Amino acid sequence: MAKTKSPQLPKIGVVGSGSFATAIVKMLTENCKTVHWHVRNEFVKGAIQLRGHNPTYLPMVSFNMKQLKLTIDINELVEACDIVVLATPSIYLAGTLENLSCNYQDKLFCSAIKGIVPEYNDIVANYLRDKFQIGYKNQAVIAGPCHAEEVAMERLSYLTIAAAEQKDSEILSKIFSSFYIKVNESLDILGNEYSAILKNIYAIGAGIASGLGYGDNFIAVYVSNAIREMETFLEAVYPEPRDVNESAYLGDLLVTAYSLFSRNRNLGNLIGKGYTVKSAIQSMNMVAEGYYATNGIYSICKEKKLKLPIINTIFAILYEEKNAEKQFAKLTDKLN
């Protein structure tokens, strides 16, 4: 029997055409009659329309094109939608939204971006607030653990959706839930966003350790220290009742640090094997958000006078061109 799409759900659109954006569109088509989709350019739009799938990212996911409304006009998408899911890499967000001129004050902006907006050296929530006067009450955050590749295969995955208003969390939970997606709700908007950024940085370190030849015993200790560092950082920048052992924090850190699908872990692994940072980045066909995030998070640590040895180590390797092997040798004496 064919699925019955709910006609009463809010109109929703996705900004971005990478792997996670494509996975989000797949999730939404399970429940939404129509999904608006903003893609990078006419070539990408035409390729998806022609093939019925995204030929560059998650090409195994086929779409019913009658459900999709593709556009390259950001204003067209925002005007048509009640909820706008931002899923473009953070380095492209400012450029994507620079022409936003329609009335968006009554829209809910939901960030699935796990990185720092480099032009502003700040998280997406603060960028939307400061640049577009979109307050936290009109924002939500999508956190994991949820790799796009497993969504494509319809393997059971979990999302955490954080919003200031419970009604928004409930609506988003209804929209995203399916037989392979379970949704948890949270009020910790900034905590979820910061933790999603931090886990990418720590995953680079886990990859470096693996590339250098460190084994499972060390990486277990490393991840144990990483979650404690994360808790210290979150308490310093956004004190709020939270349990970092929950899936959105520890779970997302674990999957990003260990999974072979993790682009941040893969970036670190290349560096550990001897690639320069530049050559490692250039060899990847997807954006590793942790690289760009490290600079911004390190700046916050300095400002807050936080002593976080893992963050300091990753920054030294990525931005000060310090030798990875020597830096990790020093780090081993600071972990417990």
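Here, every reference points to the structure presented above.
Rules of the game
Residues numbered from 1 in each chain as written. Predicted model: local features only at pLDDT ≥ 70, side-chain atom pairs only at ≥ 80, totals over all residues. Heavy atoms only, no water. Buried < 20%, exposed > 50% of the residue type's maximum accessible area, 1.4 Å probe, protein only. Helix = DSSP H or I, 4+ residues; strand = E, 2+ residues; numbered from the N terminus. Pairing = 2+ DSSP bridges. Right-handed = clockwise from strand over helix to strand, strands pointing away. Axes fitted to C-alpha atoms, helices over the stretch in contact; angles between N-to-C directions. Phe/Tyr/Trp six-rings, centres within 6.5 Å; stacked < 30°, edge-to-face > 60°. Lys NZ or Arg CZ within 6 Å of the ring centre and 35° of its normal. Core = buried A, V, L, I, M, F, W, Y, C linked by side-chain atoms within 4.5 Å. Contact = heavy atoms within 4.5 Å. Polar contact = N/O pair within 3.5 Å; in protein donor to acceptor, adjacent residues only side chain to side chain.

Trainee: Requested: an account of the pairing of strand β5 (residues 108-111), with residues and values cited.
Mentor: A two-sided burial pattern is seen for β5, the buried positions comprising L108 and C110 on one face and F109 and S111 on the other. Relative to β5, strand β4 (residues 83-86) runs parallel, the two sharing 4 bridges. Across the sheet, the residue bridging to V85 is C110, located in β5. After leaving β4, the chain enters helix α4 (residues 90-97) and then returns to the sheet as β5, a path that is right-handed. Direction of pairing for β5 relative to strand β8 (residues 139-143): parallel, over a ladder of 3 bridges. From the neighbouring strand, C110 faces β8, where its bridge partner is A140.

Trainee: Talk me through the sheet that holds strand β9 (residues 157-163); I want residue IDs and the actual numbers.
Mentor: Reading across the sheet, the 8 strands line up as β3-β2-β1-β4-β5-β8-β9-β10 and stay open at both edges, with mixed pairing between neighbours. Strands with a single pairing partner mark the edges of an open sheet, and in this sheet they are β3 (68-71) and β10 (181-186). Going across the sheet, the axis of each strand differs from the next one's by a mean of 25°, ignoring polarity. Pairing between strand β1 (residues 12-15) and strand β2 (residues 35-38): 4 bridges, direction parallel. Bridge assignment links V14 to a residue of β2, and that residue is W37.

Trainee: I'd like a description of the packing of aromatic side chains, backed by residues and values.
Mentor: Within this structure, the stated rule accounts for 16 aromatic pairs. With 6.2 Å between their ring centres and 85° between their planes, Y104 and F109 make a pair best called edge-to-face. One exposure class covers both Y104 and F109, and it is buried. Between F218 and F328, the ring centres sit 6.4 Å apart and the planes meet at 65°, which makes this aromatic pair edge-to-face. Here the residue F218 occupies a position in helix α9 (residues 216-237), and F328 occupies one in helix α15 (residues 324-332), the gap between them amounting to 110 residues. Judged by relative accessible area, F218 falls into the buried class, the value being 15%. Residue class for F328 comes out buried when judged on its relative accessible area of 0%. Through successive ring pairs, a cluster of aromatic residues spans Y104, F109, Y120, Y127 and F132. Taking the ring centre of Y92 as reference, the NZ or CZ of R40 above it sits at 5.2 Å.

Trainee: So, the nonpolar core: which residues are in play, and what are the values?
Mentor: For soluble globular proteins, the rule of thumb is that nonpolar side chains tend to be buried together. Residues Y222, F233 and I297 are the most contacted members of the largest nonpolar core, which totals 58 residues. Among residues more than four places away in sequence, those in contact with F233 are Y194, L198, I297, I300, C301, L306 and L308. Counting 42 residues, the second-largest nonpolar core is a separate cluster that includes F20, V25, L70 and C110.

Trainee: Give me the side chain of T22: which residues, what numbers.
Mentor: With respect to the element layout, T22 can be found in helix α1 (residues 19-29). Within the local environment of T22, its side chain forms a polar contact with the backbone oxygen of G18, the two atoms lying 2.7 Å apart. With near-sequence residues (within four places) excluded, T22 lies in contact with S17, W37, N54, Y57, L58 and F63.

Trainee: Describe the side chain of H147, naming the residues involved and giving the relevant values.
Mentor: Along the polypeptide, H147 turns up in the loop between β8 and α6 (148-152). On the basis of relative accessible area, H147 is assigned to the buried category, the value being 14%. Once residues within four sequence positions are removed from consideration, H147 is found in contact with V255, T256, S259, F261 and S262.

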